[in-house]
Amino acid sequence: MLDVSQAMRRCCLAVLSTLSTPVFADDLSTAPLTTWISLSAVLALLLAVTLLYLRHQGQRLGDLQTNHDALIEQSLAGIYIVQNEIVVYCNPRAADMLGYTQDEMTGLPTSALLDAEERERVRLQLQRRRRDQIIDMRFQLRLRHRNGRRIDTEVHSRLAPYRGADATIGIMIDVSDRTEAEHKQRLSDIVFDNAAEGILLTDGDARIIAVNRAFTRITGYEADEVVNRRSRLFRVDHMGRAINRQMLQSLDEQGCWQGEFLDRHRNGRLYPVRLSISTVHDPEGELINNVCVFNDISQHKDAEDRLVFLATHDPLTRLTNRAEFLTRLQTTCEGTSATAFALLFIDLDRFKLVNDGFGHSGGDDLLRVIAARLNYAVGKDALLSRVGGDEFTVLTNTGDRAKLALQVEHLLDELAQPSVLDGKELTVTGSIGIAVYPEDGHNAQTLLRHAEVAMYRAKTAGKNTYAFFNASMVSQASERLTMENALRNAITRQQLELHYQPQVDPDSGLIVAVEALARWHHPEWGMIPPSRFIPLAEETGLVLVLGHWVIRAACEQIARWDAAGIRVPRVAVNLSARQFADSSLCQVLTDALTSAGIAPQRIELEVTESALIEQPDAAVALLNELKALGVHLALDDFGTGYSSLSQLKNLPLDALKIDRTFIDGVPNDPNDVAITEAIVAMARKLALTVVAEGAETIEQRDFLAACGCDLIQGFYYSRPLPPEALAAYIRSGTSRHSATRMDL
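Parameters at a glance
Residues numbered from 1 in each chain as written. Predicted model: local features only at pLDDT ≥ 70, side-chain atom pairs only at ≥ 80, totals over all residues. Heavy atoms only, no water. Salt bridge = Lys/Arg side-chain N within 4 Å of Asp/Glu carboxyl O. Buried < 20%, exposed > 50% of the residue type's maximum accessible area, 1.4 Å probe, protein only. Helix = DSSP H or I, 4+ residues; strand = E, 2+ residues; numbered from the N terminus. Pairing = 2+ DSSP bridges. Axes fitted to C-alpha atoms, helices over the stretch in contact; angles between N-to-C directions. Contact = heavy atoms within 4.5 Å.

## As for the pattern of salt bridges
Within this structure, the stated rule accounts for 35 salt bridges. One salt bridge connects Asp132 with Arg131, and the closest N-O pair in it is separated by 3.2 Å. With a relative accessible area of 58%, Arg131 lands in the exposed category. Salt-bridge contacts for Arg386 lead to Asp314; the nearest nitrogen and oxygen are separated by 3.0 Å. Separated by 72 residues along the polypeptide, Arg386 in strand 12 (residues 383-386) and Asp314 in the loop between helix 10 (298-312) and helix 11 (322-335) bring together distant segments of the chain. Considered together, Arg386 and Asp314 belong to a single accessibility category, that of buried residues.

In structure tokens:
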């Protein structure tokens, strides 16, 4: 068969040959007929060959079109054609990418496919493209899947005619995974650079490959000073060699290590750090990286040291506190066989007038001066402590009454020295009671009580004097016996009642809990304050009966509130040290909850530090047993006794209550502020709810709220209220308004 291209070439040659002969005359009409015939034949042949060629080329174009269509339809990239902002064509990949079929997507406006946030940007981009005649463009575009999911795409588009009209022909690729990966990488970089902890990344040979800004802030070293150098953390010849060996062994065996050690700053200063190291391995198990995260815990260590100090010392005078003094006094009693010693109990006379006249800050200033004078006067051989607001004790190593009299007179003279307060001179005297071991007592509590009794006798004698304890003073026991019998009858004759003080969330103003406080209304003596009958109940053992009654009464009151539609989420009940040691406590609590028909979570038991100190192992066991019942547990009066921080973290506590003695001075007293902030920080680390009690002013309330206390309790919100008054308080929503107090 004649090849079409050869036929075309021959045809062309024939035409050229014909045209090269002089067939044309000057006047076409005069041309010979043979010439016309020859020319017509040639033209006919040329037309035939041309038709044959075009038919053959049409077959080739058809094949190319078929292949081209298949390539477009099967492309892994989305291909589309848009005219007048309408999709006039899309391949299956483009339609599938957006959740449509080809037929469904064809004819859709582009606005239906764009993410809402992209529409305005795309509109402006089209305007600029048409105005500036930008033929080719490459850009990022966020589309909206049919199901609403966002899809990030990369688009390559060109302006081109399509079927006689302007169109935009484009190719789009789904880059959502890449965009997400880039976003995560940027986020990781931001976290790495802005983390508060220092981060150090090494290769498998412990050479540093990256550090963050916190690393420089903590260590003092810039990145270019340490990168490509071997980290000293992995050197066993570095300071803290034992820790380094332990760390390396743990990394080899477990792939991680965390602990504390001392590091050296660039300026040579040593500082404590808490470090966590994790290893990274490739799929073959080969070590490729070490990730080290560390933090300077200098402030944390300082706070721990302050807490340890403040647990045994009075923050105002920096003398040993009551708990520490009693511990040392009891140790002295147990370690002494025949040697006599004495306990002096000092109470300042009419000190309340100082507080009234100069304010509590003025009173605190005077207490510091007096503490310094007493400390100088007693010397190094005696132990001076502050055991109360204006009460001091002295443990002296002599039991000779003549020597004691001289020593006490010297103390009285020192106390009577004038002091200057706010530019005014004033004199404060003191009354001193003396108890001698062993004749006046064989244990710390007895000696302290007898010394206090003698002190009150000195006050009765006219103040600014002293008195030795003697047996005649025990006549006061008659009064205590009368009150003891009256208290025993008060329990059976229903003279006791519970008042409730709200514990308020400072952020929402809602009452989250209330504390149940016992009140004794005697028919003849009137309202007797807890400060009088609670110590008596503890001393006589009546505190067990009283404590059981409080638990039952609190549970019954919750049930009554529920029935009346008054929602009190939780009631806190105080446990005394003796009650905490009672083996029947769990049964009493279970019976009270069952009888009242309330959930255990509605009751919170507050335990004092002293109750935990006496028998720590038994205390932990009992707390776990109580926790198993479902009740909440709180450590009350935190900071007034000595709590072992290592034991504290093992206690199953829910809350920690900051003692009011620390709240009194905030926000003005820097010591009280430091203590409160340290306690809150520690409680946060232990995941404990922080309750501050004793807030009386808006300044205290605002400071405690800003400090992070979860709940605030005190006269600022409300005094302890009878059940009916508390119900009215809750209905009124008074606690929701921080500027409103309800003093009932």
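Moving on from the model shown.
## A short note on the sheet that holds strand 9 (residues 270-281)
An order of 7-6-10-9-8 is seen for the 5 strands of this open sheet, with the pairing classed as antiparallel. Here the strands that pair on one side only, and so sit at the sheet edges, are strand 7 (208-211) and strand 8 (256-264). On average, each strand axis in the sheet is inclined to that of its neighbour by 25°, with strand direction left out of account. Relative to strand 9, strand 8 is paired through 9 bridges, and the arrangement is antiparallel. When the sheet's bridge partners are listed, Cys256 is paired in strand 9 with Ser278. Sheet strands in contact with helix 10 are strand 8, strand 9 and strand 10 (287-296), and its direction is about 125° off that of strand 9.

## Here's the deal with the sheet that holds strand 17 (residues 466-468)
The strand order across the open sheet formed by 5 strands is 12-13-11-16-17, and the pairing between neighbours is mixed. Each having just a single partner strand, strand 12 and strand 17 make up the two edges of the open sheet. With direction set aside, neighbouring strand axes in the sheet form an average angle of 20°. Bridging between strand 16 (residues 430-437) and strand 17 involves 3 bridges; their strand directions are parallel.

## Notes on the environment of Glu556
With respect to the helices and strands, Glu556 occurs in helix 17 (residues 542-563). Note on Glu556: relative accessible area 38%, which makes it partly exposed. With 40 residues separating them in the primary sequence, Glu556 and Ala596 have C-alpha atoms 5.3 Å apart.

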